[in-house]
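Coordinate inspection notes
Spelled out, the chains give:
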Amino acid sequence: MKLYDSLTRQLRDFAPGSPPRVTVYGCGPTVYDLAHIGNFRTFVAYDLLHRHLRWRGFEVDFVVNLTDVDDKTIQGAAAAGLPLGEYTEPFAEAFLEDAAALGFLPFASHPRATAYIPEMVRLVEGLERGGHAYRGGDGSIYYGVSSFSGYGRLSGKGGTESEGRSRIDGESLGKRDPRDFALWKLAGPDDEAVGAAWESPWGRGRPGWHLECSAMARSLLGGTVDIHMGGEDLLFPHHENEIAQSEAATGRPLAHFWVHVRHLKVDRRKMSKSEGNFHTVRELVEEGHDPAAVRWALLGAHYRSELNFTRAGLDEAAAALQRLLDFRRRVQELAVAEGAEGELADRSAELLEDFGRAMDDDLNVPRALAALWTLVREGNTRLDQEPTIGPGDRTALLAALAGMDGVLGVVELAAATRESAGAGEARIQRLVEERDRARAARDFALADRIRDELATEGIRLDDTASGTRWRRVRATAGHRPPQDGPKPVE
RNA sequence: GGCGCCGUAGCCAAGUGGUAAGGCAGAGGUCUGCAAAACCUCCAUUCGGCGGUUCGAGUCCGCCCGGCGCCUCCA
C-alpha cells in the first residue's frame with residue numbers, strides 16, 4: 001500500500017515498523033466547542049485509513065487526542081464560569097457521540113491532554129537537559145528552535161526568522177528567537193481561576209499546545225509512530241513544532257509517515273462561523289439527514305483534494321446510499337437455485353480486488369467507488385436477466401459488498417439507522433394491504449393516495465411481480481426536534 | 001510579500017506520457033394500471049488559455065488567466 005508522506009513529499013510504500021502492528025496518532029479536536037463537519041472530514045479520513053489498514057490485516061493502534069487545555073478552552077471555561085473540566089467534558093462527549101454516529105471504529109484511546117501533565121513535564125525536563133529549552137523573559141519555558149537543525153523541514157517554513165506578529169509577541173514575551181514557542185506557560189490569574197494550572201519544576205503553569213501531542217504520542221505509542229495524521233492546517237506550526245520537540249528529546253523520527261487531510265469547504269467557501277456556513281454533525285442529523293449520508297458526503301473526494309460540502313451533495317449521498325441498500329436487500333432476498341454459477345462470484349472477487357487496489361493507492365476513494373458501482377450495476381443486470389442466483393454467487397457477491405463497505409462504513413451504518421427508526425410497521429403493512437386490495441379492484445385513485453401518504457413518511461413502495469414491497473428510504477420520519485446537549489458556542 | 005495546491009462534460013469526481021473511470025442530472029427505450037426501482041442506449045475528438053519537449057501530453061516544461069490554502073487560533 002502506498003501513502004503520500006508530507007515530509008518527503010512523495011508517495012511511498014507503507015510498511016509498519018513492527019508488523020502486524022501499526023501505530024497511528026491523529027490530532028483530534030480542541031474541545032472548546034462542538035466539532036464541525038470540517039473537523040469530521042479529517043476524522044472520516046482517519047477512520048477510512050483505520051478501516052483499510054484493518055482490512056489489510058494490520059493490528060491498528062489508533063490514538064486520537066482531545067485537546068482540553070489551551071487558550072480557547074480556558075477562555076471558554078472562564079466565560080462560562082466553570083472549572084476547565086466541566087466546560088470541556090460535554091464537548092469531548094459530544095465528539096465521541098458524533099464519531100459513533102458516523103460509524104467510526106473505536107479508537108484505541110482518545111487521551112485528554114490534562115491526563116498527561118506529568119509526561120509533558122518530563123518531556124520538557126528532557127529538552128531542558130538537552131539544551132533545547134530556556135526560560136523566557138515572562139517566566140515561561142520556551143523551545144529554542146535554533147537548537148534543532150531539522151526545523152522547517154516538514155512545512156518549508158520557519159527556516160528564516162519570520163516577521164510581524166510573532167516577532168512582536170516574541171519581544172514582549174522575552175523569547176530569544178521569534179520562532180521559539182512555549183513548552184510550559186506560567187499560570188496567570190485566568191488559568192488559576194478555571195483550574196488550568198499544575199505544579200512543575202518551573203512553577204505553576206500549563207503545557208503549550210504542541211507539547212501535548214508530543215507527550216501523548218510518545219507515552220501511548222512509543223518513540224516513533226508509523227503514521228501521524230492531521231488536518232492540513234496543522235502542518236505549520238503544530239506538526240513542525242511536534243517534530244522539533246519529539247526528535248530533539250528522543251533522537252528518533254516522530255513518525256514514519258505524515259498524512260495531512262485537505263480542508264473541507266462549504267458552499268465553495270472556507271467554513272467559518274462568521275460566514276454562516278458552519279455545520280455540526282448533530283445539527284444535520286436533527287434536520288433529518290441520515291448520518292450515513294453525512295459520512296458519504298465527507299468521504300467522496302480524495303483526502304488530499306478539496307471537498308466542497310453542499311446540501312445538494314448531501315441529498316445525492318442519500319440517494320447513492322439508497323441504491324446500495326436496495327441492491328444489498330435484493331441480493332439477500334433473492335431466490336437461490338442450484339445450477340450453473342461462478343461467473344458472478346469471479347466478477348465479484350475481481351471488483352473487490354479493484355476496490356482494494358484503489359484504496360491501497362493512497363486511499364483513492366473515488367476510484368474505489370467506481371469498482372463498487374460497477375459491482376452494483378453488473379449485479380443488477382445479471383439479476384434482471386435471471387431472477388435466481390446460485391448459493392456460491394450470492395455468497396461471493398455479498399462478501400464483496402461487505403468487504404467494500406467494511407472500509408467505507410456506510411451501508412451497514414445506514415441499515416442500522418433505518419432499523420432503529422422502524423416503529424409503526426404493522427400500520428404500514430396494513431396500509432400496503434389496503435392499497436393492494438384497491439389496486440385489485442382497479443381503484444387507482446385510492447391506491448395512489450395511500451402511496452403518496454406513505455411517501456411523505458419516507459416509505460417507498462415497489463410493485464414487483466411477487467407483490468408489493470415497502471421500504472424506508474429515510475432514516476427518520478421527518479424533522480426531529482433538537483435534542484438536549486451541547487450547542488455550538490456563539 | 002514568502003511557500004504550496006487546484007482548474008477534466010450541466011453538477012460531483014478519478015486519471016502515476018500511450019490515446020478520457022465512476023456517480024448525479026438529462027434524452028430515448030424495456031418493465032408497470034400509473035409510478036417507483038432496476039436494466040439497456042445516448043450524453044467530453046477533449047481535459048482554463050497559449051507556446052514548448054516528445055513518435056505520442058489531461059498527464060512533463062514555460063508563460064498567461066482564474067480559483068484556493070498556509071504563513072496567526074484552527075481538522
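Here is what the cut-offs are and how they apply
- Residues numbered from 1 in each chain as written.
- Chains lettered and ligands numbered in written order.
- Predicted model: local features only at pLDDT ≥ 70, side-chain atom pairs only at ≥ 80, totals over all residues.
- Heavy atoms only, no water.
- pLDDT = per-residue confidence, 0-100.
- Contact = heavy atoms within 4.5 Å.
- Phe/Tyr/Trp six-rings, centres within 6.5 Å; stacked < 30°, edge-to-face > 60°.
- Buried < 20%, exposed > 50% of the residue type's maximum accessible area, 1.4 Å probe, protein only.
- Near = heavy atom within 4 Å.
- Polar contact = N/O pair within 3.5 Å; in protein donor to acceptor, adjacent residues only side chain to side chain.
- Helix = DSSP H or I, 4+ residues; strand = E, 2+ residues; numbered from the N terminus.
- Core = buried A, V, L, I, M, F, W, Y, C linked by side-chain atoms within 4.5 Å.
- Domains from an automatic or database assignment.
- 1 Å grid on protein atoms, 1.4 Å probe; cavity = no way out; pocket = protein on both sides within 12 Å on 5 of 7 lines; lining within 4 Å.
- Points joined across faces, edges and corners; volume = space filled by probe spheres on them.
- Nonpolar A, V, L, I, M, F, W, Y, C, P; charged D, E, K, R; others polar.
- Buried area = accessible area lost by both parts, 1.4 Å probe.
- Pairing = 2+ DSSP bridges.
- Axes fitted to C-alpha atoms, helices over the stretch in contact; angles between N-to-C directions.
- Disulfide = S-S within 2.5 Å.

1. Observations regarding the confidence of the model for chain A
- When pLDDT is averaged along chain A, the result is 90, and 93% of the positions lie at 70 or above.
- Within the model, pLDDT remains below 50 along residues 161-165, and this stretch shows six contacts once partners closer than five positions in the same chain are excluded.

2. Side note on the packing of aromatic side chains
- Per the stated rule, a full pass over the model turns up 16 aromatic pairs.
- When the ring of F104 is compared with that of F107, the centres are 6.2 Å apart and the planes differ by 85 degrees; the resulting orientation is edge-to-face. Comparing F104 with F107, the two get one shared label, buried.
- Put simply, the rings of F40, F43, Y46, F62, F95, F104 and F107 pair up and form one aromatic cluster.

3. Re the protein's contact with RNA strand B
- Around RNA strand B sit 46 residues, and of these W209, G231, L234, K270 and D361 come closest.
- Between RNA strand B and K270 there is a distance of 2.6 Å, counted from a phosphate oxygen to a side-chain nitrogen or oxygen.
- In the environment of RNA strand B, a sugar or linking oxygen lies 3.0 Å from a nitrogen or oxygen atom belonging to the side chain of N380.
- Listed by contribution, the elements that provide at least two residues to the surface near RNA strand B are α1 (37-55), β9 (225-231), β11 (264-266), α11 (311-333), α13 (365-385), α16 (425-440), α17 (444-456) and β16 (459-464).
- When residues of the surface near RNA strand B are assigned to their parent elements, the largest contribution, eight residues, is made by α13.

4. A closer look at the side chain of T224
- Inspection of the secondary structure puts T224 in the loop between α7 (209-221) and β9.
- The class for T224 is buried, based on a relative accessible area of 18%.
- Only 2.6 Å separates the side chain of T224 from the backbone oxygen of P253, close enough to count as a polar contact.
- Excluding its chain neighbours within four sequence positions, the residues that come into contact with T224 are T23, R252, P253, L254, A255 and H256.

5. Some words on the nonpolar core
- By size, the foremost hydrophobic cluster in this structure holds 130 residues, and its most contacted members are F40 and I227.
- For this core, the element with the highest residue contribution is α1, accounting for nine residues.
- Two domains each donate at least three residues to this core, and these are domain 1 (14-262) and domain 2 (269-419).
- Judged by nonpolar contacts, the second largest core, of eight residues, contains I428, L431, L454 and W470.

6. Considerations on empty space enclosed by the protein
- One pass over the structure, following the stated rule, counts two cavities of 30 Å³ or more.
- The volume enclosed by the largest cavity comes to roughly 60 Å³.
- Around the largest cavity sit R41, V44, A45, L48, V261, L298, L299, A301, H302, Y303 and V365, which together line it.
- Contributions of two or more residues to the lining of the largest cavity are made by α1 and α10 (291-299).
- Considering each element in turn, the lining of the largest cavity owes the most residues, four residues, to α1.
- Classifying every residue of the lining of the largest cavity by side-chain character gives nine nonpolar, one polar and one charged.
- A volume near 30 Å³ is recorded for the second largest cavity.
- In terms of lining, the second largest cavity is formed by L324, L372, L401, M404, D405, L408, V410 and V411.

7. Considering the domain arrangement of chain A
- Taken domain by domain, chain A consists of domain 1 (14-262), domain 2 (269-419) and domain 3 (422-472).
- For domain 2 and domain 3, the distance between their C-alpha centroids amounts to 27 Å.
- Between domain 2 and domain 3, roughly 570 Å² of surface is buried when both sides are summed, and carbon and sulfur atoms account for 25% of that area.
- The largest share of the area that domain 2 buries against domain 3 comes from D326, R329 and R418, three residues that together contribute 68% of it.

8. Looking at the sheet that holds strand β4 (residues 59-64)
- Pairing in this open sheet of four strands is parallel, and the strands run β4-β3-β9-β10 from one edge to the other. A strand with exactly one partner marks an edge of an open sheet, and here the two such strands are β4 and β10 (255-261). Here the strands of the sheet are splayed against their neighbours by 20 degrees on average, with no regard to which way each runs.
- As paired elements, β9 and β10 share six bridges and run parallel to each other. Note that in β10 the partner of I227 across the bridge is F257.
- Here α1 sits on the sheet in contact with β3 (21-26), β4, β9 and β10, set at roughly 155 degrees to β9.

9. Section: the state of the cysteines
- Here the structure, examined in full by the defined rule, presents zero disulfides.
- Cysteine C27 is unpaired, with the sulfur of C213 as its nearest cysteine sulfur at 3.9 Å.
- A residue is classified by how much of its surface remains accessible, and C213, at 2% relative accessible area, is buried.

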